[in-house]
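Examining the three-dimensional arrangement
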Amino acid sequence: MPLDRRSVLGLAGVAAASAVAGCNVVGSDGAPSAGGSTETENGQDTPASAATERFTVRLQGPETEQVLFTGAAIESVGPVELRRNAPGFTVTLADTARRDVAETFRSAGVTESPGEFELVHAEADRRYDIAPELATDIANGEWDGRLRLTYATETRAEQARQRLVGDA
């Protein structure tokens, strides 16, 4: 099955869509349980430990193809919501992962030419363009580690989120 391709809103809006949408994602208040996710006070979930092994986002570009982060790097997962007519959810990377992703973006040249790169989440059959606003925020050291993942349908978004957080 070919990967589903979305516009810049995809993983895109990350910094921009998160800020515009007023997304209030914070870190987890506890470690994930072995069987499922742990819900925080504001309705965010932490990924289930078994699910993190099945969640990998890769960076693809002119001269690079590498793992950007895995589910283990995700600190919290927001609820599925419709924003800009696209169902999806926000993930927040842990501080170390946020710094690693930012450094990878800089060293690969994503911050200078975001249109030449894309993020691939093969397990969910998704490709995401990188929003210029995200590249700018990373280049300026202003990115907070939030990424919004969007899907063609609410059902697909719910399924992807469930794969990540496990049986809540």
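Everything below is about the structure printed above this text.
Let me begin by describing the structure that accompanies this report. (Residues numbered from 1 in each chain as written. Predicted model: local features only at pLDDT ≥ 70, side-chain atom pairs only at ≥ 80, totals over all residues. Heavy atoms only, no water.)

For the rest of this paragraph, the subject is the overall build of the protein chain. Tallying secondary structure elements over the protein chain gives five helices and eleven strands in all. In the protein chain, which comprises 168 residues, the share counted as buried stands at 51%. At a minimum sequence separation of 6, the contacts of the protein chain that also span at least 24 residues come to 68%. Of the accessible surface of the protein chain, which amounts to about 7,700 Å², a share of 45% is contributed by carbon and sulfur atoms. (Helix = DSSP H or I, 4+ residues; strand = E, 2+ residues; numbered from the N terminus. Buried < 20%, exposed > 50% of the residue type's maximum accessible area, 1.4 Å probe, protein only. Contact = heavy atoms within 4.5 Å. Areas by Shrake-Rupley, 256 points an atom, 1.4 Å probe, with all protein chains shown as cover.)

Our next topic: the packing of aromatic side chains. Scanning all chains against the criterion turns up one aromatic pair. A centroid spacing of 5.8 Å and a plane angle of 15° characterise the contact between Phe89 and Tyr151, whose relative ring orientation is stacked. One end of the pair, Phe89, is in strand 8 (residues 86-93); the other, Tyr151, is in the loop between strand 11 (146-150) and helix 5 (154-165), with 62 residues separating them in the sequence. The aromatic ring of Tyr151 is capped on one face by Arg126, whose charged end is 5.4 Å from the ring centroid. (Phe/Tyr/Trp six-rings, centres within 6.5 Å; stacked < 30°, edge-to-face > 60°. Lys NZ or Arg CZ within 6 Å of the ring centre and 35° of its normal.)

Moving on to the environment of Ala135. Positionally, Ala135 belongs in helix 4 (residues 132-139). Sequence separation of Ala135 and Ser113 is 22 residues, and the distance between their C-alpha atoms is 8.3 Å. For Ala135, the contacting residues outside a window of four places in its chain are Val110, Thr111 and Pro114.

Per the counting criterion, the structure on display carries six salt bridges. A salt bridge links Arg127 to Glu118; its shortest N-O distance comes to 2.4 Å. You can call Arg127 partly exposed: its relative accessible area is 22%. Glu118 sits in the buried class, given a relative accessible area of 13%. In this structure, the salt-bridge partner of Arg146 is Asp144, at a minimum N-O distance of 2.6 Å. (Salt bridge = Lys/Arg side-chain N within 4 Å of Asp/Glu carboxyl O.)

Our focus in this paragraph is the nonpolar core. Counting 32 residues, the largest nonpolar core has Phe69, Leu93 and Phe105 as its most contacted members. Counting residues per element, the ones that place at least two in this core are strand 4 (56-61), strand 5 (64-70), strand 6 (74-77), strand 8, helix 3 (95-108), helix 4, strand 11 and helix 5. Discounting chain neighbours no more than four positions away, the residues touching Leu93 are Phe69, Ala73, Ile74, Glu75, Arg98, Val101, Trp143, Gly145 and Leu147. (Core = buried A, V, L, I, M, F, W, Y, C linked by side-chain atoms within 4.5 Å.)

The next subject is the environment of Gly78. Here Gly78 lies in the loop between strand 6 and strand 7 (81-83). A relative accessible area of 3% places Gly78 in the buried class. Considered as a pair, Gly78 and Thr90 are twelve residues apart in the sequence and their alpha carbons are 5.1 Å apart.

Positioned with a positive phi, Arg84 is a non-glycine residue whose angle comes to about 55°. Among the secondary structure elements, Arg84 is positioned in the loop between strand 7 and strand 8. The residue Asn85 is not glycine, and still its phi comes out positive at about 60°. In this structure, Asn85 sits in the loop between strand 7 and strand 8. For Asn85, a relative accessible area of 73% gives the class exposed.

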